[in-house]
Amino acid sequence: MQWIWIDRFTEFRRGEFARAVKELSLTDELFADHFPGYPVMPAALMLEGLAQTGGMLVGEANDYREKVVLAKIAKVKFHGEALAGDELTYEATVLYVREEGAAVGGKVFANGRELGEAELTFAHIDSARMPQELGDRNFVFTGRLKPLMESIAKLQAAH
Amino acid sequence: MLTQDEIFQKVSTTLVEALNVDETEVKPGATLQGDLGAESIDFLDIVFRLEREFGIKIPRGELFPESIFQGDPELVQNGKVTAKGLDELRAKMPFADLTTFETNPELSRMGDLFTVELITRYVQGKLTPDP
């Protein structure tokens, strides 16, 4: 299974704001088990989608040099659910980007209806701190994310 | 100008939000790690919330220094902070109360320096204009 929970970015303002969408389809593998007869998107995966939207937003702010890792979710609230057939929208707004890390405020919508919100903190795991464990390679922004990085670049070029 | 009590109240609110603890647990002498369960990422979160709450700038490593001693044998010997190391601490963290720590300056006890009171004193220093 691919661990990318965003289809594409639809808005991107460097260091400020990003909006991404994910179309939920009944053919998505996860709905076979979650749950048969009631294809509901797990809230934990919506958080992952939000973290990916926010993570790319803060990663791009430093030209993808930092290893941006989700480290803390101080607040999260879901007050609705999304089913197969819905379009999820993730919105992330930068709260801060510092040398040590970053945080975003995020919202999730299903077909325009707000489903939940969260505050996510990311750590910049720089190689200076743990070189022996992590190596120099940036394992966060790899080829896997290339299509998304390109979609961001296109939005910025069009802007 | 905020009074010390008002600063403490705001620091307390900040810690309740950042660490998800009960307000009654946030006493002046409570240690962030030991008593309030803070982990390394929480320090970043606390710094951000303090900046927002008080409208101050906290440069990296000023409130929560990452490595003061850098394994320097002149500053730490046999797991204890030397007299020179204590001077270094005083210079880097003038807002820390070292009275208790000095009696048994084991490196492993350094975390206990970071109390609610320390943050309150730090913020107070930031809010007081330089003479």
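Residues numbered from 1 in each chain as written. Chains lettered and ligands numbered in written order. Predicted model: local features only at pLDDT ≥ 70, side-chain atom pairs only at ≥ 80, totals over all residues.

**Looking at the interface of chain A and chain B**
- Listed per partner, the contact involves 12 residues of chain A and 6 residues of chain B.
- Going through the elements one at a time, β3 (68-78), β4 (87-97), β5 (101-110) and β6 (113-124) of chain A are the ones with two or more residues in the side of chain A that touches chain B.
- When residues of the side of chain A that touches chain B are assigned to their parent elements, the largest contribution, 3 residues, is made by β3(A). (Contact = placed C-beta atoms within 7 Å. Helix = DSSP H or I, 4+ residues; strand = E, 2+ residues; numbered from the N terminus.)

**Concerning the pairing of β4(A)**
All names here are of chain A.
- Of the strand pairs in this sheet, strand β2 (residues 17-23) and β4 are connected by 7 bridges, and their pairing is antiparallel. If you follow Val21 over to β4, its bridge partner there is Thr89.
- Note: β4 against β5, 9 bridges, orientation antiparallel. By the bridge assignment, Tyr90 is partnered in β5 with Val108.
- Hairpin remark: β4 followed by β5, antiparallel, with 3 residues in the connecting loop. (Pairing = 2+ DSSP bridges.)

**Examining the domain arrangement of chain B**
Residue and element names in this part refer to chain B.
- Domain annotation of chain B identifies domain 1 (1-64 + 114-131) and domain 2 (67-113).
- If you average the C-alpha positions of domain 1 and of domain 2, the two centres end up 21 Å apart.
- Taken residue by residue, the interface counts 8 residues in domain 1 and 5 residues in domain 2. (Domains from an automatic or database assignment.)

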